[in-house]
Amino acid sequence: MPLIRDITPADCSVVEELLDSNDLGVCGFYNSEGLDVVVAELHESVIGIAEFRLDYDFGRDEGRPAHPGEQAWILTMAVADAHRRHGVGRALVTEIARRAQDAGRTFLALVPQDGDDAADRETFFQACALAPIEPDGPGAAWGCPVSEILTARGAASVEGR
Ligand SMILES: CC(C)(COP(=O)(O)OP(=O)(O)OC[C@H]1O[C@@H](n2cnc3c(N)ncnc32)[C@H](O)[C@@H]1OP(=O)(O)O)[C@@H](O)C(=O)NCCC(=O)NCCS
């Protein structure tokens, strides 16, 4: 399994390529300032990345007043093509859930990217225990209690810390 660790400045060019190649590009030099970012490292290569926030008030900031306040939120994530379907994506989500729990957060959410492969992405997030929390449609959020991610099948095998 990969090591899941914080990003370092040396990772930025690989992360930039990884995001660009998945149409999640940053249009310029990658800068993780203001974000929490973890990478998945295998054999000294970065093969996955996830950007997240542990203090995102997506209820208020995103016009979801009924939702609880500050919670964990995944902004984006990607795994290198050659390393998919080996549990790397799940390892990234699990590590974020662990960090969320440590920070006292109880809920983790995100908005799956639209477009090609949307169905595969949704299958992935379902496998990580997330589910839609809003009526289906563009920009609809998915989420679940952090505890459900940590007890989902496969979550315990992550080498994160
Ligand atoms: C979505 C993504 C991060 C998943 O990463 P991954 O490392 O391949 O995912 P995992 O191997 O941890 O998958 C865990 C489970 O999710 C499901 N899953 C993952 N990818 C899937 C796919 N393409 N089709 C169907 N199910 C899939 C499977 O149930 C899988 O378990 P299994 O392999 O034992 O059957 C990766 O495909 C990716 O980077 N996609 C392009 C960028 C992207 O869509 N990012 C999300 C933006 S919101």
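Scroll up to find the structure this text is about.
Residues numbered from 1 in each chain as written. Predicted model: local features only at pLDDT ≥ 70, side-chain atom pairs only at ≥ 80, totals over all residues. Heavy atoms only, no water.

Visitor: With reference to specific residues and values, describe the pattern of salt bridges.
Guide: For the structure on display, the rule yields seven salt bridges. Here R5 makes a salt bridge to E41, at a shortest N to O gap of 2.6 Å. Here the residue R5 occupies a position in strand β1 (residues 3-6), and E41 occupies one in strand β2 (residues 36-42), the gap between them amounting to 36 residues. On the basis of relative accessibility, which here comes to 19%, the residue R5 falls in the buried class. Among the ionic pairs, D55 bridges to R53, the shortest N-O distance being 3.0 Å. By relative accessible area, R53 is classed as partly exposed at 26%. Sharing partners across several salt bridges, the network here consists of D6, E95, R98 and R99. (Salt bridge = Lys/Arg side-chain N within 4 Å of Asp/Glu carboxyl O. Helix = DSSP H or I, 4+ residues; strand = E, 2+ residues; numbered from the N terminus. Buried < 20%, exposed > 50% of the residue type's maximum accessible area, 1.4 Å probe, protein only.)

Visitor: Break down a negative patch on the surface for me, with residues and values.
Guide: A cluster of acidic residues, E17, D20, D23, D116, D117 and D120, forms a negative patch on the protein surface. Mapped onto the fold, D116 is located in the loop between β5 (107-110) and α4 (118-127). (Patch = residues over 30% accessible without salt bridge, like charges linked within 9 Å, V, L, I, M, F, W, Y side chains within 5 Å. Areas by Shrake-Rupley, 256 points an atom, 1.4 Å probe, with all protein chains shown as cover. Lys, Arg positive; Asp, Glu negative; His and termini not counted. Charge placed at Lys NZ, Arg CZ, Asp CG, Glu CD.)

Visitor: An account of the sheet that holds strand β3 (residues 45-56) is needed here, citing residue identities and associated values.
Guide: Across the sheet, seven strands lie side by side as β1-β2-β3-β4-β5-β7-β6; this open sheet has mixed pairing. The sheet is open, and its two borders are formed by β1 and β6 (131-132), each paired with just one other strand. Where β3 meets strand β4 (residues 71-79), seven bridges bridge the pair, whose relative direction is antiparallel. In the strand pairing of β4, R53 is matched with W73. In this fold α4 packs onto β4, β5 and β7 (142-145), with an angle of close to 5° to the strand it touches most, β7. (Pairing = 2+ DSSP bridges. Contact = heavy atoms within 4.5 Å. Axes fitted to C-alpha atoms, helices over the stretch in contact; angles between N-to-C directions.)

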